[in-house]
Amino acid sequence: MSMLSKGREVMGRVMMRNVWRLPPEELLAMYNRYMLSSRNHLEIGASSVYYAVNSNAQDRLNMDFTLIDSEQSALDSAKEELVNGGYHQSMIKLIECDLLNINDDTISHEDYESFDTIALNLILQDISSPMNDKFPKILNGLSSYMDENTSFFGSTITNTEQDPYTSMTKQYMQILQNVNYI
């Protein structure tokens, strides 16, 4: 792991615990729960690969791992972290795209009918548009890559007074939890 990656990882965990009041252990617990036996994972946003690397995912060398982000440099850095964490380089697919425009042209259905697991962590707050616009757009773009066996999980920072969409987001996440997508 590069010094820059290590610094970003440490700073991210400090911010999560002390500023956003989100213990990193809770995110790691989600990855441990959902990625344990995943064979085909989609990670949205390069900043959360720390949790995939530190999860208890089995058979990393044979897991297809697709990573989507809007920045190629973030993708390249994240791939290095994944490889150093035991994932096989040839099984990692990087996709640079606008996260609000995920569609069949972004991820080929020739490669995947659906994913076993999809993680959307710590990225929504970085996209500059209202939550009630961006979250449904991303979910709609992902819908053709999910089936009844897909585990969709994630988190974002919505507990700020400046975010008028907090209650909508919480309600939507509760709905997803009730249908076993989180």
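Look above for the structure.
Residues numbered from 1 in each chain as written. Predicted model: local features only at pLDDT ≥ 70, side-chain atom pairs only at ≥ 80, totals over all residues. Heavy atoms only, no water.

Quick notes on the packing of aromatic side chains
- On inspection of all chains with the given rule, the structure shows six aromatic pairs.
- On the basis of an interplanar angle of 20° and a centroid distance of 5.1 Å, the ring pair of Tyr34 and Phe153 is categorised as stacked. Here Tyr34, found in helix α2 (residues 24-35), pairs with Phe153, found in strand β5 (residues 151-155); they are 119 residues apart in sequence, far enough to count as distant. The burial state of Tyr34 is the same as that of Phe153; both residues are buried.
- A centroid spacing of 6.2 Å and a plane angle of 55° characterise the contact between Phe115 and Tyr145, whose relative ring orientation is tilted. (Phe/Tyr/Trp six-rings, centres within 6.5 Å; stacked < 30°, edge-to-face > 60°. Helix = DSSP H or I, 4+ residues; strand = E, 2+ residues; numbered from the N terminus. Buried < 20%, exposed > 50% of the residue type's maximum accessible area, 1.4 Å probe, protein only.)

Observations regarding the sheet that holds strand β1 (residues 40-44)
- Spatial ordering of the open sheet is given by β3-β2-β1-β4-β5, a layout of five strands whose pairing is parallel. A strand with exactly one partner marks an edge of an open sheet, and here the two such strands are β3 (92-96) and β5. Strand-to-strand twist of the sheet, defined as the mean angle between neighbouring strand axes without regard to direction, takes the value 15°.
- Pairing of β1 with strand β2 (residues 64-69), which is carried by five bridges, proceeds in the parallel orientation. Bridged to Leu42 within β2 is Thr66.
- The strands touched by helix α4 (residues 72-84) within the sheet are β2 and β3, with β3 carrying the most contacts at an inclination of about 165°. (Pairing = 2+ DSSP bridges. Axes fitted to C-alpha atoms, helices over the stretch in contact; angles between N-to-C directions. Contact = heavy atoms within 4.5 Å.)

Examining the pairing of β5
- Across the five residues that make up β5, a large majority, five, are buried.
- On β5, burial covers both faces: Ser151, Phe153 and Ser155 on one face and Phe152 and Gly154 on the other are all buried.
- Each parallel crossover has a hand, and the one from strand β4 (residues 117-121) via helix α5 (residues 131-142) to β5 is right-handed. (Right-handed = clockwise from strand over helix to strand, strands pointing away.)

A few points about the pattern of salt bridges
- Inspection of every chain in the model, using the stated rule, returns one salt bridge.
- With its nearest N and O atoms 2.7 Å apart, the salt bridge here joins Asp59 to Arg39. Here the residue Asp59 occupies a position in the loop between α3 (49-53) and β2, and Arg39 occupies one in the loop between α2 and β1, the gap between them amounting to 20 residues.
- On the basis of relative accessible area, Arg39 is assigned to the partly exposed category, the value being 42%. (Salt bridge = Lys/Arg side-chain N within 4 Å of Asp/Glu carboxyl O.)

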